[in-house]
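# Structural features, examined
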Amino acid sequence: MIDLLMPVLLPLGVAILCAALGLWSGRRSGVALVLGALTNLAGAFLAVHASPARLELPLGGFGMSLALRLGYDTGLVLLSAAAVLFLLASIPAAMALQHARRPWAVVVAALVGVAALNGVILADDPFTLVVAWGALLPVLFLALVAEGGEHAAGRALAGLGAADLCLVAAAGFLELTPAGEGGLGAVALPGLAFALLGVAALGRLGAFPFQGWVADAAVESSSPVSALLVSLVARLAGVSVLVTLVSPSTAPGWGRLALAVAGGLTLAAGGLRAAMAEDARRAAASVGIALSGVTLLAAGLAGPVAALLAGLVAAAAGAALSLLAGSKPLASPHAALAAAVRRTPVLSGLARAADADPAALARGAVTVAATLLFAVERLVNAFFDWLLVALARAAARLAVRGDGGDHARYVIWSLLGLALVILVFAGGF
Amino acid sequence: MGNEQLLATAVAAPLVGALFLPALGSFGRNGARLRGALALALALVPLACSALLLPAVRAGAAPAVVVAGVPLLQADLLAVFMALSASLLGAVIVVYSFGYLGEVPHQGEYYLMVVLFLGAMMGLVYARNLIVLYTAWEITAVACWRLIGFFREPAYVARADKAFLITGFGAVTMLLGFVAVYAATGTLDLVALRGAAVGNLAVGLILVGILSKSATLPLHSWLPDAGVAPSPVTALLHAAVLVKIGVYVFARLFDATFVIDPVWREVVPWIAGASALVAGSAALLENDLKRVIAYSTVSQLGFILLGFALGGEKAAGGALLFILVHGIAKGGLFLCAGIIEHEAHTKDLRRLGGLARRMPVTAGAFALCAFSVMGLPPFGGFFAKHLVLGGAFEAGRPGLALVFVAGSVLTVLYLGRLFAAVFLGEPGPAVAALPEAGHGDHDAGHALGNRVMVGAVALLAALSLASGVLVRFPSELAEAAARDMARTAAPGAQPTAAAAEEAGSACRRGEGLARAIDAGAVR
């Protein structure tokens, strides 16, 4: 049964080895990446041939444990396909590593990321899903920072962090719902839990309204990070949850329609951004966003199998486009199309709207709310400052019968008063 | 050395040893070195003693120190857990101080107050009666007052006074609460008081003291202002020890000792929720590095208070675990802030930026500690927050849990903003003026920041990750402590009113612990 752990442990082991050796050249890091991808494939092979029984790993106190299971359904397909796609993408990515700023950091991040992805696919309870899902965010953030994608890293952390916390809240609801024999995929989701899980999946898929960081990551960081972590690992993690969400036994009636609407919006936003893009990398990332929209449409309109197939195609195409676009700025191949879109008022307006990043609106709303709360805090603070100054002046006058005295004096008086109370009190004691 | 001696040493060694520290500084450079070594040794004594007490306490022993028939100190799992987390952070902070203080004057007073503070903290944690608890509480307030105003500028002294007056006001109110408890039960012995029903007036008065010390809305305003203290002090006060005193006393009195009106379990979580949201909002908008982290502390303390206020094994255990992991991570953040302030000579976020290239180790350590505070897996903060929020869901209060999820969203946003403003982007004016890495007085290899300071933050960052990856060890201890708390305050474990009365009388007559045990009040 320990074979089920191999897709997580093997790439993680190679990543730790790479991190321990550190500071490798681009070529050596490339070899390590391909070896890691092969190890990941071997791990997936072992897991596919493992017993379908549930594996529970106790984590310590409070009954916390990680639960893994690979049923003979979408999970098996996803795990195998993810391993194959990761290997296929790792070969050109390894060659592109020579352009990366810190190749060994990219390799470590990619392997930890794929281990986390495998954890997401194998997760059989909400807690395990949250652990595996959440582990990807710090990895993605650090990889983007290491590769100079600082702006994208900040946007990813803010957008995905907020979306990930929706998953945590959903897990809280799900923990109150017994999973039974069927595992996570057989739970009838309450509406709120479905909505929260849906938001989390949209974040990872880079779908509307979380699409902003994906294109930034493609432009700012190196192509291996964009291809392996953003296009492949993060997107497939989103697909994994999406497939569970739209199972007939889990989704509420309105849920699939909501996903289809989100898919339509994502498709439009991605397509328009791609048409307007002047940089090949931004265009490629925008096509990837549009493909995520197709995945959501497939999930909403046709169910889990269609979502799985569309998601795999989107991940493969997104990774391939990122690698083809390369790491250096390159003029978009469809400059004439971009110019035509720009000349058409309606299309250019829509494209600008799609570029406006609606997540920024959410951030703006949070900022407004925070400003109001901060004003409350300032009022409380000002009140105490006023009160204490008044008290201090009164105490100082009492102490010296004059117009002041140093700050220590009234503190000493206060201490003496306290000591008196203690003495009286201790007498009773 | 027996368990009783270990317990007495854990408290007495730093309290008494601290008094010798100022004298050592007058023996020149060697004296200063000796002073540093002794300060570190005194900070390590409680850590070692508590670690040695742990096996016996886990096995069910409850060693106590009784003087003249009056029980003063007692160790249980809750106390040992708290003592271990506070003294571990205290020791790291003393080491960091060696690098931070450099040639700053008045170091004798500094180390005296820091070690005295740690000793008082141990006294408070291991207190067996309310008088010892109160006395230790006040010693920490005095040490905190001197440490906040350590740099002696008038504005800083005024802020120290503010902290002292707010927490002092809380302490006096709490003392009145203790008087009310004494008037109702006739005893101050915490063991004899187990299971005693305490009136709402007493609970309210004690709660004011707790909220003031744990910097909870509306009595939080002293904490962000106290950021003018030296950075090791802010780490000690804001992250590791001082603010945890309040929540610890909440757990000790209201979870492990008294029986309180259930209405408090309804009200306090909402106070904690309001505190988390308001302070999180303030952190999102502040532009002072240390004030952002201080507001973050106020916000995160809401989670701990939520866990203890909800009660129950899961929520309270999660809160205990969060005390440890938040202390480690937040201590790391404050110490990173200290390195940044030390090198860039500013705390203004608008003048910082691009420091990741200049201090990569500090940036990495900051990121890891921030991830833990945010509650991202696999860091320790994730498991603690998961337990607290899970406890809220289990208690049938999903609305409250969602408020805290919103608080977590704010945490991600303000810590992400802080990291971006300090470490990412183009260098700000204060950073552009810095010397290149490897030049001047700075150690090559760590770019900016001296080796001792960078080593300390790297250790805390590694511990932040380890507390999650190896969550088995702290979580089992926290679970055992939470179970112990629930057991001691459970109705079946309560002494009867008559037994409590008899135990109280015994304590007043000075007949001590043995008599109290005979009366059935001590189990």
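Above this text sits the structure in question.
Residues numbered from 1 in each chain as written. Chains lettered and ligands numbered in written order. Predicted model: local features only at pLDDT ≥ 70, side-chain atom pairs only at ≥ 80, totals over all residues. Heavy atoms only, no water.

What follows concerns the packing of helix α4 (residues 77–101) of chain B against helix α14 (residues 313–344) of chain B. Each pair of packed helices gets described by two things: the angle between the helix axes and the distance between those axes. Residue and element names in this part refer to chain B. Interaxial distance between α4 and α14 falls to 10 Å at its minimum, and their mutual angle equals 10°. Here α4 lies roughly parallel to α14, going by the angle between them. Two secondary-structure elements touch here, α4 through Leu 78, Phe 81, Met 82, Ser 85, Leu 89, Ile 93, Tyr 96, Gly 99 and Tyr 100 and α14 through Leu 320, Leu 321, Ile 323, Leu 324, Gly 327, Ile 328, Gly 331, Leu 335, Gly 338, Ile 339, Glu 341 and His 342. A per-class count over the contact of α4 with α14 returns 14 nonpolar, six polar and one charged. (Axes fitted to C-alpha atoms, helices over the stretch in contact; angles between N-to-C directions. Helix = DSSP H or I, 4+ residues; strand = E, 2+ residues; numbered from the N terminus. Parallel < 35°, antiparallel > 145°, perpendicular 65-115°, else oblique. Contact = heavy atoms within 4.5 Å. Nonpolar A, V, L, I, M, F, W, Y, C, P; charged D, E, K, R; others polar.)

A few words now on the packing of aromatic side chains. All told, the structure shown has 17 aromatic pairs over all chains when counted by the stated rule. In this structure an aromatic cluster arises from ring pairing among A:Phe141, B:Phe366, B:Phe371, B:Phe379, B:Phe419 and B:Phe423. Here the guanidinium or amino end of B:Arg146 rests over the ring plane of B:Trp145, the centre of that ring lying 5.3 Å away. B:Lys385 extends its terminal NZ or CZ atom over the ring of B:Phe303, reaching a point 4.5 Å from the ring centre. (Phe/Tyr/Trp six-rings, centres within 6.5 Å; stacked < 30°, edge-to-face > 60°. Lys NZ or Arg CZ within 6 Å of the ring centre and 35° of its normal.)

Attention shifts here to unusual backbone geometry. Residue and element names in this part refer to chain B. Note the cis peptide between Leu 217 and Pro 218, where omega equals 5°. Here Pro 218 lies in the loop between α8 (200–213) and α9 (222–225). Between Pro 377 and Pro 378 the backbone carries a cis peptide bond, its omega angle lying at 5°. Within the secondary structure, Pro 378 sits in the loop between α15 (360–374) and α16 (380–394). For Ala 215, which is not glycine, the phi dihedral falls at a positive 50°.

With respect to the helices and strands, B:Ala274 occurs in helix α12 (residues 263–285). Spatially, the C-alpha atom of B:Ala274 lies 31 Å from that of B:Arg351, the residues being 77 residues apart in sequence.

Across the boundary between the two partners, chain B contributes 71 residues, which contact 55 residues of chain A. The contact between chain B and chain A buries some 5600 Å² in all, and 81% of this surface belongs to carbon and sulfur atoms. Summed over the three residues of chain B that lose the most area to chain A, namely B:Leu165, B:Leu285 and B:Phe393, the buried surface amounts to 10% of that side. Across the chain B-chain A interface, the total number found is zero salt bridges. (Buried area = accessible area lost by both parts, 1.4 Å probe. Salt bridge = Lys/Arg side-chain N within 4 Å of Asp/Glu carboxyl O.)

Residue and element names in this part refer to chain B. Relative to strand β2 (residues 70–74), strand β1 (residues 64–67) runs antiparallel, the two being bridged by four bridges. Bridge pairing in β2 links Ala 64 to Gln 74. In textbook terms, the turn of a hairpin is the stretch between consecutive antiparallel strands, and for β1 and β2 this stretch comprises two residues, one of which, Ala 68, has a positive phi near 50°. (Pairing = 2+ DSSP bridges.)

We now examine the nonpolar core. In this structure, A:Phe86, B:Tyr126, B:Phe254, B:Phe308 and B:Phe423 are the most contacted members of the largest nonpolar core, which totals 326 residues. Sorting elements by how many residues they give to this core places α14(B) first, with 19 residues. Those residues within four positions of B:Phe308 in sequence are excluded, and the remaining contacts are B:Val247, B:Phe250, B:Ala251, B:Asp255, B:Arg265, B:Ala316, B:Ala319, B:Leu320, B:Ile323 and B:Met485. (Core = buried A, V, L, I, M, F, W, Y, C linked by side-chain atoms within 4.5 Å. Buried < 20%, exposed > 50% of the residue type's maximum accessible area, 1.4 Å probe, protein only.)

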